[in-house]
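# Examination of the molecular architecture
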Amino acid sequence: LKELEKEKGIIVRFVIGHSTTPGGILDKAIDAEEAEHKDFLRLDHVEGYHELSTKTRLYFSTIISTWDADFYVKVDDDIHLNLGTHLCLSSKSLC
């Protein structure tokens, strides 16, 4: 992901909030993985199925204020995004 960011200017992040138990084992595991890979965007949000629309709203407001981009994409974990095809369709200069 870091190579893609450096070479093409494409930023990919795994977006996650926090567990219902702040500082619990799940949050610690995510913190450890983030320290190693630096590829998470942690939202100030408690994860939960009934909180998905809030998470989406918070995600877009956070990324727009963090990165200046031509476009933003949000993909859930059950979706396969063919990044190469998406880039070619959205900008012929990246093909």
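This section reports on the structure supplied with the text. All values derive from a computational prediction rather than experimental measurement. (Residues numbered from 1 in each chain as written. Predicted model: local features only at pLDDT ≥ 70, side-chain atom pairs only at ≥ 80, totals over all residues. Heavy atoms only, no water.)

Examined bridge by bridge, strand E1 (residues 14-18) and strand E2 (residues 40-46) share four bridges and lie parallel to one another. When the bridges of E2 are listed, Ile 16 appears paired with Arg 42. With respect to chirality, the unit in which E1 leads through helix H2 (residues 25-37) into the neighbouring parallel E2 is right-handed. (Pairing = 2+ DSSP bridges. Helix = DSSP H or I, 4+ residues; strand = E, 2+ residues; numbered from the N terminus. Right-handed = clockwise from strand over helix to strand, strands pointing away.)

This part takes up the environment of Tyr 59. As for its position among the elements, Tyr 59 is in helix H3 (residues 52-66). Measuring from C-alpha to C-alpha, the distance between Tyr 59 and Leu 83 comes to 20 Å, with 24 residues separating the pair along the chain. Aside from chain neighbours lying at most four places away, what touches Tyr 59 is Val 15, Leu 41, Leu 43, Val 73 and Lys 74. Here the side chain of Tyr 59 touches Val 73 through a polar contact of 3.0 Å, landing on its backbone oxygen. (Contact = heavy atoms within 4.5 Å. Polar contact = N/O pair within 3.5 Å; in protein donor to acceptor, adjacent residues only side chain to side chain.)

Located in the positive-phi region is Lys 38, a residue other than glycine, with phi close to 55°. Relative to the helices and strands, Lys 38 is located in the loop between H2 and E2.

Next up on the list: the packing of aromatic side chains. One pass over the structure, following the stated rule, counts two aromatic pairs. Note on Tyr 59 and Phe 60: the rings are 4.8 Å apart at their centroids and 70° apart in plane angle, and the pair reads as edge-to-face. With a relative accessible area of 8%, Tyr 59 lands in the buried category. With relative accessibility at 29%, the residue Phe 60 sits in the partly exposed group. (Phe/Tyr/Trp six-rings, centres within 6.5 Å; stacked < 30°, edge-to-face > 60°. Buried < 20%, exposed > 50% of the residue type's maximum accessible area, 1.4 Å probe, protein only.)

Geometric values such as these leave the question of function open.
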